[in-house]
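The primary structure of each chain is shown beneath.
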Amino acid sequence: MFDWKWDFTFEILPRMLVATLNTLMAAGIGYSIALVVGLILALAQRTPYRVLSFCVREFVEFVRSTPLVLQIFFVFYVGPQFGIRLSPWVSGMIAIGLHYAAYLSEVYRAGLDSIPQGQWEACVALNLSTKRTYFRIVIPQAIPVVIPGAGNYLVGIFKDTPMLSVIGVMELFHTATAIGANTYRFLEPYTLVGLIFLSLSLPAAMFLRRFEDWVRASLGMKKLYSKD
Amino acid sequence: MLAYIEYLKTYAPMFLNGTIVTLEQTVLGALLAIVVALIAAFMKMSSFFPIRWMGITYIEIFRGTSLLVQMYWIFFVLPLFGITLDKFTAGFLAVGLNLGAYGAELVRGGIQAVPKGQYEAAIALNLPSVSRMRRIIFPQALLKMLPPWGNLLIELLKATALVSLISVTDLMFEAKMINNRTYLSAQTFGTALIIYYIMARFIITPGMRWMEHRLAQKLSIG
């Protein structure tokens with residue numbers, strides 16, 4: 001394009017690629033938190049304690065229907081008001097992890113609900129403990145149901161990491177903004193950010209579809225995407 | 001508690017102004033998203049490959065990158081190509097185009113979920129292709145895609161919070177201003193969170209339920 005400077009592009013590229021690693025790390029840590037906390041939120045909604053399941057249900061609804069940027073600000077700024085100082089990284093990971101935990105808990109819930117009643121009854125008949133029922137019978141069968149939704153949110157969390165730049169987490173988008181502010185050139189940094197995101201999220205989506213087929217195949221189920 | 005009521009008395013006008021701008025952004029963004037989603041979905045289903053390819057490119061680009069990146073690109077990079085947009089327009093344009101790409105897949109899914117027999121019956125009745133889509137296929141598809149569109153509109157409302165980063169004075173922006181002035185972060189961001197929650201749960205969700213109900217009645221299913 002008419003204003004595109006290649007030498008500038010190659011000058012900033014190494015810095016952008018290092019920042020990409022930070023973005024990937026943020027997505028990875030956030031997603032790990034979300035996977036674990038999401039399962040806890042999903043299981044908490046199935047306990048017989050009405051008060052607990054009601055509170056967790058409302059919490060999930062609340063987190064799901066409010067903006068992530070606002071939640072990031074909330075976590076970052078509310079701590080210091082009560083004397084708890086959190087670094088941008090820590091508060092960013094808490095906010096994004098909890099946000100996606102709420103989404104993932106819905107995915108888990110759908111997966112657990114998809115297990116036929118007979119499976120539960122069989123577990124009761126075999127006198128399996130609750131723990132064994134969940135970990136040996138229910139969760140393994142729920143996994144193929146959960147994977148597509150969980151995979152979408154993995155790509156989703158990756159695409160939401162630029163929001164962490166608002167509290168100063170040095171990820172890809174923040175780096176691009178910093179370069180733009182120093183050099184007054186926005187075309188190359190922001191276009192590079194877009195291209196890097198595209199070149200990672202499209203293959204990731206494709207890989208997830210393959211992975212889903214592989215899991216289904218190894219559990220002896222029908223493949224969804226591949227032709228064979 | 002009394003301090004909080006005093007605080008609300010002082011800052012309620014700012015919260016209100018922000019809420020109005022957020023609602024404007026949401027409505028304009030939603031209208032744009034609906035139009036763009038319909039166009040892109042039909043382009044993607046076209047049998048003419050350049051048009052299909054254009055539809056796919058739009059959808060994949062806007063779904064494959066972040067809204068924030070798209071918004072900054074529209075606001076900071078497009079002026080270099082001679083297209084300067086004010087921040088308000090750039091805001092809802094980015095939100096609408098981004099969510100429109102997700103909406104396009106919902107539209108396509110809805111249309112493809114209509115049973116084959118409906119197409120065949122419409123052809124057997126010799127309906128022209130436009131009225132086949134408009135009178136037979138699309139209304140049934142609409143009923144199938146309304147619930148996911150409800151979720152998408154909540155996503156859209158949440159996405160408008162990002163326009164504050166290009167200084168559109170929406171609810172999020174006002175909350176940041178109030179926070180800078182008072183340092184009462186818990187009250188400020190908490191209030192803003194609750195306002196967003198009310199808009200999502202008590203305006204969008206019941207509104208969509210009502211539309212589903214009306215449409216089902218019109219199609220005499222419900």
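Residues numbered from 1 in each chain as written. Chains lettered and ligands numbered in written order. Predicted model: local features only at pLDDT ≥ 70, side-chain atom pairs only at ≥ 80, totals over all residues.

Engineer: For this particular structure, what's the right way to read the overall build of chain A?
Structural biologist: Scanning chain A from terminus to terminus reveals eight helices and zero strands. Counting helices and strands in the order they occur from the N terminus, chain A gives α-α-α-α-α-α-α-α. Overall size of chain A, expressed as C-alpha extent along the three principal axes, is 70 × 55 × 25 Å. Across the 228 residues that make up chain A, the buried fraction comes to 38%. A sequence separation of at least 24 residues applies to 72% of the contacts in chain A between residues at least 6 apart. (Helix = DSSP H or I, 4+ residues; strand = E, 2+ residues; numbered from the N terminus. Buried ≥ 20, exposed ≤ 12 C-beta atoms within 10 Å, placed from the backbone. Contact = placed C-beta atoms within 7 Å.)

Engineer: I tried to follow the overall build of chain B on my own but got confused; where do I start?
Structural biologist: Along chain B, the regular secondary structure elements total eight helices and zero strands. Reading chain B from its N terminus to its C terminus gives the helix and strand order α-α-α-α-α-α-α-α. Its C-alpha atoms give chain B principal-axis dimensions of roughly 70 × 50 × 20 Å. For chain B, buried positions account for 38% of its 222 residues. In chain B, 74% of the contacts between residues at least 6 apart in sequence involve partners at least 24 apart.

Engineer: Looking at this structure, how should I read the interface of chain B and chain A?
Structural biologist: By a widely used convention, the size of an interface equals the accessible area lost when the partners come together. With 28 residues of chain B in contact, the opposing surface of chain A contributes 29 residues. Mapped by element, the contributors of at least two residues to the side of chain B that touches chain A are helix 2 (49–64), helix 3 (67–77), helix 6 (129–159), helix 7 (171–182) and helix 8 (185–218) of chain B. Looking at the side of chain B that touches chain A, the element that brings in the most residues is helix 8 of chain B, giving nine residues.

Engineer: Looking at this model, I keep getting lost on helix 7 of chain B. Mind explaining?
Structural biologist: Note on helix geometry: an α-helix contains 3.6 residues per turn, so any two residues three or four positions apart are oriented the same way. All names here are of chain B. Between its terminal C-alpha atoms helix 7 stretches 16 Å, which fits the 16 Å expected from twelve residues at 1.5 Å a residue. Burial in helix 7 covers these residues: Leu171, Met172, Phe173, Glu174, Ala175, Lys176 and Ile178. Where helix 7 terminates, the next one or two residues include tyrosine 183, which has phi positive at roughly 60 degrees. (Expected span 1.5 Å × (residues − 1).)

Engineer: Can you help me understand the packing of helix 1 (residues 2–44) of chain B against helix 7 of chain B in this one?
Structural biologist: For any two helices packed against each other, one specifies the inter-axial angle together with the distance between the axes. Residues and elements named next belong to chain B. Running from N to C, helix 1 and helix 7 cross one another at 155 degrees; their axes reach a closest spacing of 7 Å. Judged by the inter-axis angle, helix 1 sits roughly antiparallel to helix 7. Residue-level contacts link Tyr11, Met14, Phe15, Asn17, Gly18, Thr19 and Thr22 of helix 1 to Leu171, Phe173, Glu174, Ala175, Met177 and Ile178 of helix 7. For the contact of helix 1 with helix 7, the residue count by class is eight nonpolar, four polar and one charged. (Axes fitted to C-alpha atoms, helices over the stretch in contact; angles between N-to-C directions. Parallel < 35°, antiparallel > 145°, perpendicular 65-115°, else oblique. Nonpolar A, V, L, I, M, F, W, Y, C, P; charged D, E, K, R; others polar.)

Engineer: Where do I start with helix 4 (residues 88–113) of chain A in this structure?
Structural biologist: For helix 4 of chain A, built from 26 residues, the straight-helix expectation of 38 Å at 1.5 Å per residue is met to within 8% by its first-to-last C-alpha distance of 37 Å. With 19 of its 26 residues buried, helix 4 of chain A lies for the most part within the structure.

Engineer: Explanation requested: the nonpolar core in the structure shown.
Structural biologist: Membership of the largest hydrophobic core comes to 115 residues, with the highest contact counts inside it found for Val69, Leu70 and Ile72 of chain A together with Met71 of chain B. Ranked by residues supplied to this core, first place goes to helix 4 of chain A with twelve residues. Contacts of leucine 70 of chain A, omitting those with residues within four sequence positions, involve Ala161, Met172, Phe189, Ala192, Leu193 and Tyr196 of chain B. (Core = buried A, V, L, I, M, F, W, Y, C linked by C-beta atoms within 7 Å.)

Engineer: What's the story with unusual backbone geometry in this structure? I'm lost.
Structural biologist: Only a minority of non-glycine residues have a phi that is not negative, and only a minority of peptide bonds are not trans. The phi angle at asparagine 127 of chain A is positive, at roughly 60 degrees, despite the residue not being glycine. Following the sequence through the fold, asparagine 127 of chain A ends up in the loop between helix 5 (117–125) and helix 6 (130–160). Its identity as a non-glycine residue notwithstanding, tyrosine 183 of chain B has a phi of 60 degrees, on the positive side. On the neighbour-count criterion, tyrosine 183 of chain B (12 C-beta atoms within 10 Å) is exposed.

Engineer: Can you help me understand the packing of helix 7 (residues 172–183) of chain A against helix 8 (residues 187–218) of chain A in this one?
Structural biologist: Residue and element names in this part refer to chain A. Contact pair helix 7 / helix 8: the axes reach a minimum separation of 9 Å and the direction vectors enclose 165 degrees. On the basis of the axis angle, helix 7 is roughly antiparallel to helix 8. For the pair helix 7 and helix 8, the sense of crossing is right-handed. Together, Leu172, Phe173, Ala176, Ile179 and Gly180 of helix 7 and Pro189, Tyr190, Leu192, Val193 and Ile196 of helix 8 make up the contact between the two elements. Looking at the contact of helix 7 with helix 8 residue by residue, the class counts come to nine nonpolar, one polar and no charged. (Left-handed = near helix turned anticlockwise from the far one by under 90°.)

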